[in-house]
Amino acid sequence: MKKAILTIAIAVMGLTAAFAQDTTKRVRRAMPKMTAEQRAEKVTARLEKQLSLTADQKTKIYAIELENAKKMEAWRSADQGDMKGKMKERKAVFDEQKAKIDGILTAEQKTKMDAFRAEAKEKGEKMRKGMGGRGKRDKAPVVSNPPAQG
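Attention in this report is confined to the structure presented alongside it. (Residues numbered from 1 in each chain as written. Predicted model: local features only at pLDDT ≥ 70, side-chain atom pairs only at ≥ 80, totals over all residues. Heavy atoms only, no water.)

For the rest of this paragraph, the subject is the packing of helix H2 (residues 36-51) against helix H3 (residues 55-77). Packed helices, taken two at a time, are described by their axes: the angle between them and the distance between them. Remark: H2 packs on H3, axes separated minimally by 8 Å, with the N-to-C direction vectors making an angle of 140°. On the basis of their axis angle, the class for H2 and H3 is oblique. Judged by the twist between their axes, the crossing of H2 over H3 is right-handed. Where H2 abuts H3, its residues Ala 36, Glu 37, Arg 39, Ala 40, Glu 41, Val 43, Thr 44, Leu 47 and Glu 48 lie against Lys 58, Ile 61, Tyr 62, Glu 65, Leu 66, Ala 69, Lys 70, Glu 73 and Arg 76. (Axes fitted to C-alpha atoms, helices over the stretch in contact; angles between N-to-C directions. Helix = DSSP H or I, 4+ residues; strand = E, 2+ residues; numbered from the N terminus. Parallel < 35°, antiparallel > 145°, perpendicular 65-115°, else oblique. Left-handed = near helix turned anticlockwise from the far one by under 90°. Contact = heavy atoms within 4.5 Å.)

Here it is as structure tokens:
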């Protein structure tokens, strides 16, 4: 009897260890802290590569992106109260920035840019849908029918 209890205890401990939570999850890597100038340079370099910008277009877009990056830094450091009002303000600024950049680009570059924006929007929506399901259950839990008594 003691051997059976000991065997069951060892089996339970073994199964517990086998099904323990996996602690080797991927750790999100921290985003490097970049200055406004670095952010503007990164965005400008990406646009130059994607849209084949001229030197003049590159300097104008860099100036627009630098202005935007500085506003972003100010928003991040500002108080987080009244987010809805601030979101409207930010959207207006982003629309203004978009119009400025579109004014610099040629017709061919604008079509490429619109394609990139549409792709980014689609990726963002896809990501938000994936994030929205966390912690929420789409379906009711399945409950098995209890055995009839009697």
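Before going further, it helps to examine the layout of surface pockets. Considered as a void within the structure, the largest pocket measures approximately 1000 Å³ in volume. Surrounding the largest pocket, 24 residues form its lining, Arg 46, Phe 94, Gln 97, Arg 117 and Ala 120 being those nearest its centre. Its residues assigned to classes, the lining of the largest pocket comprises 10 nonpolar, 4 polar and 10 charged. (1 Å grid on protein atoms, 1.4 Å probe; cavity = no way out; pocket = protein on both sides within 12 Å on 5 of 7 lines; lining within 4 Å. Points joined across faces, edges and corners; volume = space filled by probe spheres on them. Nonpolar A, V, L, I, M, F, W, Y, C, P; charged D, E, K, R; others polar.)

For the rest of this paragraph, the subject is H3. Taking 1.5 Å as the rise per residue, H3 with 23 residues should run 33 Å; its terminal C-alpha atoms sit 33 Å apart, in good agreement. Of all the positions in H3, only Gln 57, Ile 61, Ile 64, Glu 65, Leu 66, Asn 68, Ala 69 and Trp 75 are classed as buried. (Expected span 1.5 Å × (residues − 1). Buried < 20%, exposed > 50% of the residue type's maximum accessible area, 1.4 Å probe, protein only.)

If you look at soluble globular proteins, the nonpolar side chains tend to sit buried side by side. Listed in full, the 9 residues of the largest apolar core are Leu 47, Leu 51, Leu 53, Ile 61, Ile 64, Ile 101, Ile 104, Leu 105 and Met 113. Elements with a minimum of two residues in this core: H2, H3 and helix H4 (83-104). Setting aside residues up to four positions removed in sequence, Ile 64 forms contacts with Gln 97, Lys 100, Ile 101 and Ile 104. (Core = buried A, V, L, I, M, F, W, Y, C linked by side-chain atoms within 4.5 Å.)

On to empty space enclosed by the protein. Counted under the stated rule, the structure contains 1 cavity of 30 Å³ or more. Every residue lining the largest cavity is listed: Ile 64, Glu 67, Asn 68, Lys 71, Val 93, Glu 96, Gln 97 and Lys 100. Of all the secondary-structure elements, those providing two or more residues to the lining of the largest cavity are H3 and H4. Across the lining of the largest cavity, the residue classes tally to 2 nonpolar, 2 polar and 4 charged.

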